[in-house]
Amino acid sequence: MSERYNAKEIEAKWQAGWEAEGAFHADTDSPRPKYYVLEMFPYPSGNIHMGHVRNYTMGDVVARYKRARGFNVLHPMGWDAFGLPAENAAMERRVHPGEWTYANIAIMRRQLKSMGLSLDWRREIATCHPGYYVHQQRMFIDFLKAGLAYRKESWVNWDPVDNTVLANEQVIEGKGWRSGAVVEKRLLSQWFFRITAYADELLRALDGLTRWPDKVRLMQGNWIGRSTGARIFFPLLGGADAAQRLEVYTTRPDTLFGASFCALSPNHPLSVELARGNPAIADFAEQCNRLGTGEEAIETAEKIGIDTGLRAGHPFIEGCELPVYVANFVLMDYGTGAIFGCPAHDQRDLEFARKYGLPVIPVVCPPGSDAGAFEIGAEAFTDDGTLINSDFLDGLDVQSAIATVNERLESTGYGEATINYRLRDWGISRQRYWGCPIPVVHCPDCGVVAVPYDQLPVRLPDDVAFDAPGNPLDSHTEWRDVPCPACGAAARRDTDTMDTFVDSSWYYARFCSPRRDEPVAADDVEQWLPVDQYIGGVEHAVLHLLYSRFFMRAMKRCGYVTIDEPFAGLFTQGMVCHETYRNRAGNWLYPEQVKPDGKGAMVGVKDGAPVQVGRSVSMSKSKRNTVDPEQIIETYGADTARLFMLSDSPPERDLEWSDTGIKGAWRYLTALWRMVTELGEGSEDGRGPGLDSASTRDDTADVAAQRAIHQTIEGVTSDLEKFHFNRAVARIRQLTNRLGEMDRQAAASEQTYRQGLEIVLRLLAPMTPHICAELWRHLGRENSLLDMDWPLAEAEYLAEDSVTVPVQVNGKKRATIELPSDHDEAGAESAALANEAVQRAIAGKAVRKVIVVQGKIINVVV
RNA sequence: GCCCGCGUGGCGGAACUGGUAUACGCGACGGACUUAAAAUCCGUUGGCCUAACGGCCAUGGGAGUUCAAGUCUCCCCGCGGGCACCA
């Protein structure tokens, strides 16, 4: 009589066992090749969610699989523990952010441990711990000395609700990503990392990241946004300073003769200067800043500007004066913050010119058009063509015109060819408490002074108040007011803290030497970096991954590491989705609050009232379409949850959560449990030779079943190598079904059956480790499944004696015939033509041609 | 608007470099067990025609290349993602 499958019991047992023996401690002194598997570390928000379960299951499959393949695996876990939610919690519930964070970590650590992940918990780190951020402060100072960190006045996105500065990427449709408040522009003194110094390098190195998804490389490439163009100087006429000139950037210097105006960003220094003496310009600039990018597309779509009264001289047209506008569509952060407008060949410029009655001069004529008759209507012409109305450029194509005009610009001193990037420097200052303090002091005499290394870390003070708006560090005078480390005069600490993206830009390196006194130890990073397989959400495709790539290079420059790229392999997984439910009042309902009414609709569990079923979207608390992993693990066990996460959906796509799906996974494990436990404990001699020891083919056994076993090994192995977890699961289930259908009368078949189940356990072990370990033990195996090498398919079992080959007549399948595997063309042809169904399909017509693809298909053409 | 990606049964999805479309799972239907239900087990399950043998039609739509197209090419439709005044 076999015991019932009790997931909870066996999972607890095996987890305790693994922990006790330190089974997953990464070996720093091993002859085996290293493999570093890392999943993006979680923010300790309070509870793990299904996205974590999916992410960490995939990473664990890779870790356990690579271990079985003979690698020395590093698989660590930590906490992205600084950030705004902790401060919000502090304000709402009057708990200290640190207390809240560490309490959450304790909960989530327990939850993660219940998943049975093969993690080296000795290496756990939390970015909010002084033992972590002390090193970050040290590196900040190194970056500062290396010129990679600097301070500048800059326009920032100010979130008036969170009272903080937002990165561009944290502004979504003009609103703060967290608060949703309309973002304002403000001028503040900010710390920046000089990521633009590596713009070209970061772009070019993307080609070498062959184990990254193309999609991510493309997105990063677009983000960096390299363009070739020219800077052009327009002399300003009639200004106070006659020597003043306006510098613009253009990708189309060839259209210079079509210029009809210049335009400045409202935040351009010249605009700011003009605004001081001109209330209309000041008003306009303010209006632009207030609008930001957040207003309706229709409103912002309109290109508006204001004439400054200034005039710019054309570099190459004597006496030509262009009006200078301040315009809402010119960005200060791109190029030089000023443009020349060529309405004929740029759609925005055209709209602007039409609005303000500016000339539209075509200078590029489309191929085949008559230069004299060519006119611009409602659409600018942006394609290649022949230059017209352009003096020394006339007759050239666009490419040569660009080269020619660039030469002339350089020889006359009116400009130069240049390369421009969309990428901007990384602003890291945050006006928040719960972050890594920026380790500098502002001294009235010495200016910015780095805190000396031996005074690090600059610890966050514990006694802070969150009742006042703004940054609590600002109002904490005892912490803030310190003597200057250089001269001893009264000075102030920098009260900004770092963007949490800084924390996550090097944590993967810290895992290599989590307790060392230096940020990273050379021997440790030499052993482990780069990360061989990184796994996480595609939402981090640009920022986190780009910042980390920059950070590794900055660390290299400061002598910490010798490599450039932190992540050799990257996999971006899809989200976990669920249907959404709303009651008649429009309130969101949790899945457990609704049930089917039996007629295909959903109703409330309590009141039976009809429920509107919405489309399936990523699980989120706000829509209440979440399923709690802890509940699922409690009910079905971690193995079932893990198996479901890997089944059905390809890992890069979104996964639809379904109750029936998880039940299906549970059913399978229960059935497997029964199959194995019904066998009874095998004795060593009753079991016969294991597959790993017997490589000579035993023809007394069930050869077809053995072949299925080896084909499954082969298939699952290649699936796991390629991250095709769903296919691997399908194959293992298929083999299990196949074994279940076996006629086991003969002793040899019984033996094959047992071997088959052992293989199922070994193949499934990375996915559902607890049940496999338990059943492995049940089969009488004394050695740990964890220490078993990955099974290898044997070629002699993969080869078939005969093949089933479909026969087509004119491309339609009419029959299948059995042929020996090594059949020749003639034999295949005659066998095919001898087939009755084939003859019927030919229907007496003349056979024109017979195509035989050995072992694949036969096509008879009539 | 620009740049990517994806469209296969009732559903999630298989199908390696063009070679048996629908593996595996879910659901549904039928049956067994049960007083009954749940659970479990067995069977059927792309659509249409046929009493049956069998045939026809199906991978978003339309063309093309090929002995052969889910797979390659072109056009169109739909969905999703990224960037969005980038000069």
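Right above here is the structure, for reference.
Note that the structure is a prediction, hence the values are computed from the model and not measured.

Visitor: Quick question: what am I supposed to make of the overall build of chain A here?
Guide: Counting secondary structure elements, chain A contains 28 helices and 37 strands. Considered along the principal axes of its C-alpha atoms, chain A spans approximately 105 × 85 × 65 Å. For chain A, with 862 residues in total, the buried portion stands at 53%. Long-range pairs, those at least 24 residues apart, make up 71% of the contacts in chain A with a sequence separation of at least 6. As displayed, chain A has an accessible area near 38,500 Å², and 49% of this comes from carbon and sulfur atoms. Side chains of chain A give 92 positive and 118 negative charges; the mean places of these two sets differ by 3 Å.

Visitor: Would you explain the protein's contact with RNA strand B in this entry?
Guide: In the neighbourhood of RNA strand B, 45 residues make up the surrounding shell, with Thr251, Arg348, Arg422, Arg727 and Gln734 lying closest. Here, RNA strand B places atoms within 4 Å of the protein, and 69% of those atoms are sugar or phosphate. Taking Thr250, its side chain carries an N or O atom lying 2.7 Å from a sugar or linking oxygen of RNA strand B. Within the contact set of RNA strand B, a base nitrogen lies 2.8 Å away from a backbone nitrogen or oxygen of Leu331. Listed by contribution, the elements that provide at least two residues to the surface near RNA strand B are α7 (214-224), β11 (245-250), α21 (659-678), α23 (725-740), β34 (802-809), β35 (812-820), β36 (849-853) and β37 (857-861). If one sorts the elements of the surface near RNA strand B by residue count, α23 sits on top with six residues.

Visitor: How should I be thinking about the pairing of strand β26 (residues 533-537) in this particular structure?
Guide: Consecutive side chains along a regular strand alternate between the two faces of the sheet. The buried fraction of β26 amounts to five of the five residues, a majority that puts the element mostly inside the structure. Here strand β1 (residues 34-39) pairs with β26 via three bridges, running parallel. The partner of Glu39 across the bridge, within β26, is Ile535. Two strands pair when backbone bridges link them, and β26 and strand β27 (residues 570-573) are joined in this way by four bridges, in the parallel orientation. Bridge pairing in β27 places Ile535 opposite Phe571. At this point the chain moves from β26, through helix α18 (residues 543-557), to the parallel β27, and the crossover so formed is right-handed.

Visitor: What should I look at first to understand the environment of Thr562 in this one?
Guide: Along the chain, Thr562 turns up in the loop between α18 and β27. Thr562 gets classed as exposed once you look at its relative accessible area, which sits at 56%. A C-alpha to C-alpha distance of 30 Å links Thr562 and Val61, two positions 501 residues apart in sequence. Residues within four places of Thr562 in sequence aside, it is in contact with Glu526 and Lys556.

Visitor: What should I look at first to understand the packing of helix α2 (residues 50-68) against helix α20 (residues 638-646) in this one?
Guide: Axis angle and axis distance: for two packed helices, these are the angle between their axes and the distance between the axes, and together they describe the pair. Their axes nearest at 9 Å, the elements α2 and α20 cross at an angle of 90 degrees. The angle between α2 and α20 falls in the class roughly perpendicular. Touching Met50, Val53, Arg54, Thr57, Met58, Asp60, Val61 and Arg64 of α2 are Arg642, Met645 and Leu646, all from α20.

Visitor: It is not clear to me how the environment of Thr580 should be interpreted in this structure. Could you clarify?
Guide: Looking at where Thr580 falls in the secondary structure, it is placed in strand β28 (residues 576-582). Since its relative accessible area comes to 5%, Thr580 is described here as buried. Ignoring anything within four residues of it in the chain, the contact list for Thr580 reads Trp588, Gln612, Val613, Gly614, Arg615, Val617, Lys623 and Asn625.

Visitor: Please explain the packing of aromatic side chains as it appears in this structure.
Guide: In this description, an aromatic ring pair is defined by two values, namely the gap between the centres and the angle between the planes. Applying the stated criterion across every chain, the model contains 43 aromatic pairs. Ring centres of Trp426 and Tyr547 lie 3.8 Å apart, and the angle between their planes is 0 degrees; on these two criteria the pair is classed as stacked. Taken together, the residues Trp426 in strand β19 (residues 426-427) and Tyr547 in helix α18 connect sequence positions 121 residues apart. Judged by relative accessible area, Trp426 falls into the buried class, the value being 2%. Here the basic side chain of Arg64 rests over the ring of Trp18, its NZ or CZ set 4.7 Å away from the ring centre. One Lys or Arg, Arg422, reaches over the ring of Trp223 and ends 4.5 Å from the middle of that ring.

Visitor: What is the right way to read the side chain of Asp349 from this model?
Guide: Structurally, Asp349 is set in helix α11 (residues 347-356). Although buried, Asp349 forms no salt bridge, and the nearest oppositely charged side chain, Arg348, lies 5.1 Å from it. Apart from the residues lying within four places of it in its own chain, the contact partners of Asp349 are Phe261, Phe329, Ile339, Phe340, Gly341, Cys342 and Pro343.

Visitor: Would you mind going over the sheet that holds β37 with me for this structure?
Guide: The strands making up a sheet associate through hydrogen bonds between their backbones, and the pairing can be parallel or antiparallel. One open sheet accounts for four strands, arranged β35-β34-β37-β36; its pairing is mixed. The open sheet has two edge strands, β35 and β36, and neither has a second partner. The mean inter-strand angle of the sheet, taken between neighbouring strand axes irrespective of direction, is 20 degrees. Bridging between β36 and β37 involves five bridges; their strand directions are antiparallel. Paired with Val852 across the two strands is Ile858, which belongs to β37. Of the strands in this sheet, β34, β35, β36 and β37 are in contact with helix α27 (residues 825-834), which crosses β35 at around 130 degrees.

Visitor: Hey, could you run me through the sheet that holds β26 in this one?
Guide: The strand order across the open sheet formed by four strands is β2-β1-β26-β27, and the pairing between neighbours is parallel. Both outer strands of the open sheet, β2 (72-74) and β27, are each paired with one neighbouring strand and no more. Direction aside, the axes of adjacent strands within the sheet are offset by 20 degrees on average. With respect to the sheet, α2 is in contact with β1, β2, β26 and β27, its orientation differing from that of β1 by roughly 175 degrees.

Visitor: Even after reading the chapter, I still don't get the packing of α20 against α21, so can you show me in this structure?
Guide: One can describe the packing of α20 onto α21 by two numbers: an axis separation of 8 Å at closest approach and a directional angle of 120 degrees. One finds that α20 runs oblique with respect to α21. α21 is crossed by α20, and the crossing has right-handed handedness. Along the contact surface, α20 presents Asp639, Thr640, Ala641, Leu643 and Phe644, while α21 presents Gly661, Ile662, Ala665, Trp666, Tyr668 and Leu669.

Visitor: What exactly am I supposed to notice about the pattern of salt bridges here?
Guide: A side chain with one charge may pair with a side chain of the opposite charge, provided their charged atoms come close. In this structure the tally under the stated criterion is 39 salt bridges. Across the salt bridge formed by Asp532 and Lys34, the nearest N and O atoms sit 2.8 Å from each other. Taken as a pair, Asp532 in the loop between α17 (522-528) and β26 and Lys34 in strand β1 lie far apart in primary sequence, 498 residues in all. Residue Asp60 is joined to Arg642 by a salt bridge in which the shortest nitrogen-to-oxygen separation is 2.8 Å. With a gap of 582 residues between them, Asp60 in helix α2 and Arg642 in helix α20 connect regions that are remote in the sequence. Each member of the salt-bridge network shares a partner with another, and the members are Glu201, Arg549, Arg553 and Glu565.

Visitor: Is there a simple way to think about a negative patch on the surface in this case?
Guide: Taken together, Asp822, Asp824, Glu825 and Glu829 make up a surface patch of like negative charges. Assignment of secondary structure puts Glu829 in helix α27. Looking at Glu829, the relative accessible area reads 31%, which means it is partly exposed.

Visitor: Just checking my understanding: could you explain unusual backbone geometry for this structure?
Guide: What you tend to see is this: most non-glycine residues have negative phi, and most peptide bonds are trans. Leu456 connects to Pro457 through a cis peptide bond whose omega is 0 degrees. Secondary-structure assignment places Pro457 in the loop between β22 (447-450) and α13 (472-475). Leu529 connects to Pro530 through a cis peptide bond whose omega is 0 degrees. Along the chain, the position of Pro530 falls in the loop between α17 and β26. A positive phi angle, near 50 degrees, is found at Asp391, a position not held by glycine. In this structure, Asn810 is a non-glycine residue whose phi angle is positive, near 55 degrees. Position of Asn810 relative to the elements: it lies in the loop between β34 and β35. Overall, Asn810 belongs to the partly exposed group, its relative accessible area being 45%.

The rules behind the values
- Chains are numbered independently. Their residues run from 1 in the order of the written sequence.
- Both sets of labels track the order of writing: A upward for chains, 1 upward for ligands.
- Side-chain atom pairs in this predicted model are given and counted only at pLDDT of 80 or more, local residue features only at pLDDT of at least 70, and totals for whole chains, interfaces and linings cover all residues.
- Hydrogens and waters are ignored; side-chain quantities use all the structure's heavy atoms.
- In DSSP terms, a helix is any run of H or I states spanning at least four residues, a strand is any run of E spanning at least two, and both are numbered starting from the N terminus.
- Classification of residues uses two cut-offs on accessible area relative to the type maximum, computed with a 1.4 Å probe and protein chains only: under 20% is buried, over 50% is exposed, and between them is partly exposed.
- Contact between two residues is taken to exist if any of their heavy atoms lie within 4.5 Å; hydrogens are not considered.
- Each accessible area is a Shrake-Rupley result for a 1.4 Å probe, and residues are judged covered by the shown protein chains and nothing else.
- Charge counting follows a simple rule: Lys and Arg are positive, Asp and Glu are negative, and His as well as the terminal groups are ignored.
- We put the charge of a Lys on NZ, of an Arg on CZ, of an Asp on CG and of a Glu on CD.
- Here a residue is near a molecule or strand as soon as one of its heavy atoms is found within 4 Å of it.
- Here a polar contact means two N or O atoms within 3.5 Å. Within protein one must be a hydrogen donor candidate and the other an acceptor candidate, and residues neighboring in sequence count only if both atoms are side-chain atoms.
- We call two strands paired when DSSP finds no fewer than two bridges between them.
- Handedness of a crossover is defined as follows: with both strands directed away from the viewer, a clockwise route from the first strand across the helix to the second makes it right-handed.
- The axes used here are C-alpha line fits, helices contributing only the stretch in contact, and every angle between their N-to-C directions lies in the interval 0 to 180 degrees.
- Any angle that falls under 35 degrees is termed roughly parallel, while one over 145 is termed roughly antiparallel, one within 65 to 115 roughly perpendicular, and all others oblique.
- Here a pair means two rings of Phe, Tyr or Trp (six-membered ring of Trp) with centres within 6.5 Å. Their orientation is stacked below 30 degrees between planes, edge-to-face above 60, and tilted elsewhere.
- In our convention, an over-ring charge means Lys NZ or Arg CZ found within 6 Å of a ring centre and within 35 degrees of that ring's normal.
- Salt bridges are identified by distance alone: a Lys or Arg side-chain nitrogen within 4 Å of an Asp or Glu carboxyl oxygen.
- Two helices cross in a left-handed way if the nearer one is turned anticlockwise from the farther one by less than a right angle. They cross in a right-handed way if the turn is clockwise.
- Patch members must show over 30% relative accessible area and no salt bridge, and they are joined within 9 Å when carrying like charges or within 5 Å when they are nonpolar side chains of Val, Leu, Ile, Met, Phe, Trp or Tyr.

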